[in-house]
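Single-letter residue listing:
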Amino acid sequence: MSSPTLVNQVIPDADVVPLTARVGAEIRNVRLDDDLPKAVIAAINQQLLRHKVVFFRDQAHLDDAAQEAFAQRLGDLVPHPTQGAVQGTSSILALDSSRGGGRADQWHTDVTFVDAYPKFSVLRGVVIPEAGGDTIWSNTHAAYLSLPEPLRLLADNLWAVHSNVYDYAAVRPRATADEKKHFEEVFTSTVYETEHPVVRVHPETGERSLLLGNFVQRLVGLSKSDSARLYEVFQSYVTAPENTVRWRWRAGDVAIWDNRATQHYAVNDYGDQHRVVRRATVDGDVPVSVDGRRSVTHVKAEKPAARAA
Ligand SMILES: O=C(O)CCC(=O)C(=O)O
Ligand SMILES: [Fe+2]
């Protein structure tokens, strides 16, 4: 006997399996491709707004082109501002553990050094180590809600400067020569500085979330040392285990996150085993603060070294 047709419920509840009560859900029985019905795309978008990050197993049919064809159903694709896209693609960024920039072992939201940073990232597991190499996501709306009232009021009124240029040696003291070279010559080939509110209001849900992460350089109007201490206080709510979910990858998995309401961290615990993931990014909009002001990019300059090259 065939199963009954579900008319209004394009992804049945039973196929959405929350991983925690606060963040993350696995969606089952969906094959990601570009001719999924509109209603399924809308349902994925809805689950993303609710769970902040969704996971799909067994998507090994995807290559770069098919990954992007699917991702494009969620919005326009956008390349990384300084690293560009893999040749022949619109936005694919290859993160390969054996190359510079391939290990994203810092808490961050993608590309917050520009104003309209991506709204969704779509990440495909290609080569996954036998042990280790998980990724952790945090729900930054849950982090905001878990702030005590006085801290919430403070966060509502703070702004932060985000930049792709930061003290790399201090942040990654054990980086390889190749990683340092990638940071100097590619990642920071153009210097961006953007002021974002520490609390952004989500354009689709209206939810408030903390907008911080490793591109933050300082809080506007505060000294470097006060900025660093306050940053740690707020960031500790983002990284609290209760606000996070951890994904154990298999090759062929796809993770999609709402980059407007999450931070993530690629755990660098797999030594010299090989790990490759490939990311497509969907264009976002300029964040808005609780009092209706928009983020601003102040500096956008080519580095003299890059210009000479
Ligand atoms: O390697 C990972 O699991 C995540 C990498 C990352 O930060 C990204 O794709 O945006
Ligand atoms: Fe990332």
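Each chain carries its own residue numbering, running from 1 in the written order of its sequence. Key to labels: chains lettered from A, ligands numbered from 1, both in the order written. In keeping with the model being predicted, local features are shown solely for residues with a pLDDT of at least 70 and side-chain atom pairs are shown and tallied solely at 80 or more, while totals for entire chains, interfaces and linings include all residues. Values reported for side chains reflect all heavy atoms of the structure, with hydrogen atoms and water molecules removed beforehand.

1. A short note on the pairing of strand E7 (residues 159-163)
For step 1, the next point in the chain: Partly exposed residues are those whose accessible area sits between 20% and 50% of the maximum for their type, while under 20% is buried and over 50% is exposed, using a 1.4 Å probe and protein chains only. Only runs of H or I of at least four residues qualify as helices and only runs of E of at least two qualify as strands under DSSP, and these elements are numbered from the N terminus. Most of E7 sits out of view: five of its five residues are buried.
For step 2, the next point in the chain: By the convention used here, strands pair only if DSSP detects at least 2 bridges between them. Looking at chain direction, E7 and strand E11 (residues 216-219) are connected through three bridges and run antiparallel. Each residue of the ladder has a partner; that of Val161, found in E11, is Arg218.

2. A few points about the environment of Glu204
For step 1, the next point in the chain: For Glu204, the position within the fold is in the loop between strand E9 (199-201) and strand E10 (208-210).
For step 2, the next point in the chain: Sequence spacing of Glu204 and Ala251 is 47 residues, and the spatial spacing of their C-alpha atoms is 32 Å.
For step 3, the next point in the chain: At a separation of 3.3 Å, a polar atom in the side chain of Glu204 contacts the side chain of Asn45.
For step 4, the next point in the chain: Here a polar contact is taken to be a pair of N or O atoms separated by no more than 3.5 Å, where protein atoms must pair a possible hydrogen donor with a possible acceptor and residues adjacent in sequence count only if both atoms sit in side chains. Polar side-chain contacts of Glu204 include one of 2.9 Å to the side chain of Arg260.

3. Let's talk about the coordination of the iron ion (ligand 2)
For step 1, the next point in the chain: Coordinating donors are taken to be N, O and S atoms lying within 2.8 Å of the metal, or within 3.2 Å when the metal is Na, K or Ca; because water is excluded from the atom set, some sites may appear incomplete. At the metal site, the iron ion (ligand 2) is ligated by His108 (NE2), Asp110 (OD) and His264 (NE2), and these contacts range over 2.1 Å.
For step 2, the next point in the chain: Mapping the donors of the iron ion (ligand 2) onto the primary sequence gives the spacing H-x1-D-x153-H. You can see Asp110 sitting in the loop between strand E4 (93-96) and strand E5 (120-127) and its partner His264 sitting in strand E14 (residues 262-266), a full 154 residues away along the chain.
For step 3, the next point in the chain: The buried category is assigned to His264, whose relative accessible area is 5%.

4. Side note on the nonpolar core
For step 1, the next point in the chain: The term nonpolar core refers to a set of buried residues drawn from Ala, Val, Leu, Ile, Met, Phe, Trp, Tyr and Cys, joined through side-chain atoms within 4.5 Å. Counting 26 residues, the largest nonpolar core has Leu32, Ile44, Phe56, Phe70 and Ile256 as the members making the most contacts within it.
For step 2, the next point in the chain: Those elements that place two or more of their residues in this core are strand E2 (25-27), helix H1 (38-51), strand E3 (53-56), helix H2 (64-71), E5, strand E13 (254-258) and strand E15 (276-282).
For step 3, the next point in the chain: Sort the elements by how many residues they give to this core and H1 lands first, with five residues.
For step 4, the next point in the chain: Contacts: residue pairs with any heavy atoms within 4.5 Å of one another. Each residue touching Phe56, except ones within four places of it in the same chain, is listed here: Ile27, Val30, Leu32, Ile44, Gly252, Asp253, Val254 and Ile256.

5. Brief notes about the packing of aromatic side chains
For step 1, the next point in the chain: A pair of Phe, Tyr and Trp rings is counted when the ring centres sit within 6.5 Å of each other, with Trp represented by its six-membered ring. The angle between the planes then sorts it: under 30 degrees is stacked, over 60 is edge-to-face, the rest tilted. With the rule as written, the count across this model stands at nine aromatic pairs.
For step 2, the next point in the chain: Taken together, a centroid distance of 4.1 Å and an interplanar angle of 10° make the contact between Phe55 and Trp247 stacked. Pair noted here: Phe55 is in strand E3 and Trp247 is in strand E12 (residues 244-247), with a separation of 192 residues, a long-range link.
For step 3, the next point in the chain: Residue classification places Phe55 among the buried positions, given a relative accessible area of 0%.
For step 4, the next point in the chain: Assessed through its relative accessible area of 4%, Trp247 is described here as buried.
For step 5, the next point in the chain: Ring geometry for Trp137 and Trp257: centres 5.4 Å apart, planes at 55°, overall tilted. With Trp137 in strand E6 (residues 135-139) and Trp257 in strand E13, the pair connects residues that are 120 residues apart, well separated along the chain. For the pair shown, Trp137 and Trp257 are each scored as buried.
For step 6, the next point in the chain: Grouped by ring-pair contacts, the aromatic residues Phe113, Phe183, Phe187, Tyr192 and Phe215 constitute a single cluster.

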